[in-house]
Amino acid sequence: MKVRENLEVIQNQIADACKKTGRNPEEIKIIAVTKYVSPERAQEAIEAGVTHLGENRDEGLLHKIGQLGDKPVWHFIGTLQTRKVKSIIEHVTYIHSLDRLSLAKEINKRSDSKVRCLIQVNASGEESKHGLKPEDVIGFVQELKQFSNIEISGLMAMAPLTEDEQVIRECFRTVKRLQAEVQSLMYDYAPCNELSMGMSNDFQIAVEEGSTMVRIGTALVGNESEVH
Ligand SMILES: *Cc1c(COP(=O)(O)O)cnc(C)c1O
């Protein structure tokens with residue numbers, strides 16, 4: 001499938017979810033997750049009109065940027081090792097995986113301007129998932145005050161792998177409630193306007209529950225096995 005065709009389907013699905021819940025589709029950024037695919041395929045996404053691209057590993061990110069340049073808005077969406085911060089920091093506009101103080105400290109140190117970060121929340125409670133427990137998020141936000149180059153732009157979460165739509169929905173709702181809590185603190189460094197929720201299998205539910213950034217790989221650009 002051409003990226004352009006996939007994009008149209010996804011945009012329609014987002015529009016439906018917005019209609020159902022009285023949202024404006026313009027509030028939602030589609031991030032093409034290009035980790036499975038070649039730079040050529042990622043370029044096809046850019047040509048189809050996608051302006052936000054996401055990678056989950058430093059090598060993948062730097063390779064794609066080497067080919068495609070800094071013009072797309074790059075999002076780092078994967079687990080970020082502290083020692084990798086230095087190599088990616090100049091190239092990314094958003095880091096979706098802030099989950100510990102040591103990482104915040106390194107980001108703060110390696111950048112000379114504010115970095116837009118999303119705090120990763122483990123709202124499903126699965127052991128295998130990264131991110132802070134919901135009950136630890138507010139304390140973490142308060143601790144980040146000391147880092148002048150960290151902006152808390154939002155929260156990021158992944159729903160559990162399940163067919164049970166209600167479980168997925170409940171997970172997203174937990175994160176939405178947390179966002180409201182962070183916003184109620186009214187900290188200048190924590191506007192927390194973004195909710196990065198929703199992937200190929202659950203982005204419509206995520207949009208219904210308030211997502212502003214959907215991270216879509218398979219359904220948009222495909223994965224390696226489909227691309228050739
Ligand atoms: C791979 C990945 C995605 C995209 O997953 P798809 O199911 O292919 O849409 C989204 N978010 C993160 C953090 C990922 O690692």
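All values derive from a computational prediction rather than experimental measurement.

Conventions we followed
Residues numbered from 1 in each chain as written. Predicted model: local features only at pLDDT ≥ 70, side-chain atom pairs only at ≥ 80, totals over all residues. Heavy atoms only, no water. Near = heavy atom within 4 Å. Polar contact = N/O pair within 3.5 Å; in protein donor to acceptor, adjacent residues only side chain to side chain. Areas by Shrake-Rupley, 256 points an atom, 1.4 Å probe, with all protein chains shown as cover. 1 Å grid on protein atoms, 1.4 Å probe; cavity = no way out; pocket = protein on both sides within 12 Å on 5 of 7 lines; lining within 4 Å. Sits in = over half its atoms within 2 Å of the grid points. Helix = DSSP H or I, 4+ residues; strand = E, 2+ residues; numbered from the N terminus. Buried < 20%, exposed > 50% of the residue type's maximum accessible area, 1.4 Å probe, protein only. Arc of directions from axis to C-beta. Contact = heavy atoms within 4.5 Å. UniProt positions renumbered as here; feature names shortened; annotations may be inferred. Core = buried A, V, L, I, M, F, W, Y, C linked by side-chain atoms within 4.5 Å.

As a further point, take the site of the ligand. Taken together, Val 33, Lys 35, Tyr 36, Ile 77, Met 156, Met 158, Met 199, Ser 200, Arg 215, Ile 216, Gly 217 and Thr 218 are the residues near the ligand. In the environment of the ligand, an oxygen atom lies 3.5 Å from a nitrogen or oxygen atom belonging to the side chain of Tyr 36. Take Arg 215: an N or O atom from its side chain is 2.8 Å from a nitrogen atom of the ligand. Here the ligand loses 91% of its free accessible area of 390 Å² to cover by the protein chains. With respect to the detected pockets, the ligand is housed in the largest pocket.

This paragraph deals with the environment of Glu 26. Along the chain, Glu 26 falls in the loop between α1 (3–21) and β1 (29–33). The exposure class assigned to Glu 26 is exposed, which follows from its relative accessible area of 74%. Sequence separation between Glu 26 and Val 92 is 66 residues, and the spatial gap between their C-alpha atoms is 22 Å.

We now examine helix α3 (residues 58–68). When we look at burial in α3, the residues that qualify are Asp 58, Leu 61, Lys 64, Ile 65 and Leu 68. Around the axis of α3, the buried residues are gathered within 135° of arc, so they sit on the same side. Opposite the buried face of α3, by more than 90 degrees, sit the exposed residues Gly 66 and Gln 67. Structurally, α3 contributes buried residues whose contacts are with α2 (39–47), β2 (52–55), β3 (73–76) and α4 (85–88). With its phi angle positive at about 85°, Gly 69 sits one or two positions after the end of α3.

The subject of this paragraph is the UniProt feature "domain: Alanine racemase N-terminal" (unreviewed entry) in the protein chain. UniProt marks residues 27–223 with the feature "domain: Alanine racemase N-terminal" (unreviewed entry), using the numbering shown here. Secondary structure across residues 27–223 divides into 37% helix and 20% strand, with the first and last C-alpha atoms of the span separated by 27 Å.

Per the UniProt entry, the sites bearing "modified residue: N6-(pyridoxal phosphate)lysine" (unreviewed entry) are Lys 35 in this numbering. In this fold, Lys 35 is placed in the loop between β1 and α2. In contact with Lys 35, not counting residues within four places along its chain, are Gly 54, Glu 55 and Asn 56.

Moving on: the nonpolar core. Counting 67 residues, the largest nonpolar core has Ile 14, Leu 98, Ile 107, Val 141, Leu 144, Leu 155 and Leu 220 as the members making the most contacts within it. Those residues in contact with Val 141 that lie beyond four places of it in its chain are Ile 119, Ile 152, Val 182, Leu 185, Tyr 187, Tyr 189 and Ala 190.

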